[in-house]
Amino acid sequence: MKSTEESIKDKWKKILTDEQYYILRQKGTESPFTGKYWNNHKKGIYKCAGCGTPLFDSETKFDSGTGWPSFYEPITSDSIENKSDLSYGMVRTEVLCSKCQGHLGHVFNDGPKPTNLRYCINSVALDFNAED
Ligand code: FE
């Protein structure tokens, strides 16, 4: 009999690509300037690639120069969760999808107005739905 943890792992392995699994479930990071959305300027909604929950609106996306899609605010305050991340000898705040607990990226305090926040998100963790 498999443990619950093993079963959850199997479920995600079936649903996600290897790249998505690495980012969303193993807290990986894509290389900058390689993702499909860092330079996307179309209007629309960015959803969680794991569970489809709407996470960010293109209205809050900005060019951070980092090579990762960057937003100053999530679509609603309860769509994402923040968690303290002390890995790699840094003090950072991890950003997770509140519905599936998928790892999205990190949030920093050097963003633009009105929030001064910079949600630095992996393209792989997102699915973009263009406005028609
Ligand atoms: Fe999710």
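Scroll up to find the structure this text is about.
Residues numbered from 1 in each chain as written. Predicted model: local features only at pLDDT ≥ 70, side-chain atom pairs only at ≥ 80, totals over all residues. Heavy atoms only, no water.

Undergrad: Just to check I follow, could you spell out the sheet that holds strand 9 (residues 126–130) for this structure?
TA: Note: strands within a sheet are paired through backbone hydrogen bonds, in either parallel or antiparallel orientation. On the basis of which strands lie adjacent, the open sheet formed by three strands has the order 2-1-9 and antiparallel pairing. The sheet terminates laterally at strand 2 (54–57) and strand 9, the two strands that pair on one side only. Adjacent strand axes in the sheet meet at a mean angle of 30 degrees, parallel and antiparallel pairs treated alike. Here three bridges tie strand 1 (residues 44–48) to strand 2, and the two strands are oriented antiparallel to one another. (Pairing = 2+ DSSP bridges. Helix = DSSP H or I, 4+ residues; strand = E, 2+ residues; numbered from the N terminus. Axes fitted to C-alpha atoms, helices over the stretch in contact; angles between N-to-C directions.)

Undergrad: It is not clear to me how the sheet that holds strand 8 (residues 118–121) should be interpreted in this structure. Could you clarify?
TA: Read across the open sheet, the six strands follow the order 3-4-8-7-6-5; overall the sheet is antiparallel. The sheet is open, and its two borders are formed by strand 3 (61–62) and strand 5 (80–85), each paired with just one other strand. Where strand 7 (residues 103–108) and strand 8 come together, four bridges link them in antiparallel fashion. Bridging across to strand 8, His106 finds its partner in Cys120.

So yeah, pure geometry; function would need other evidence.
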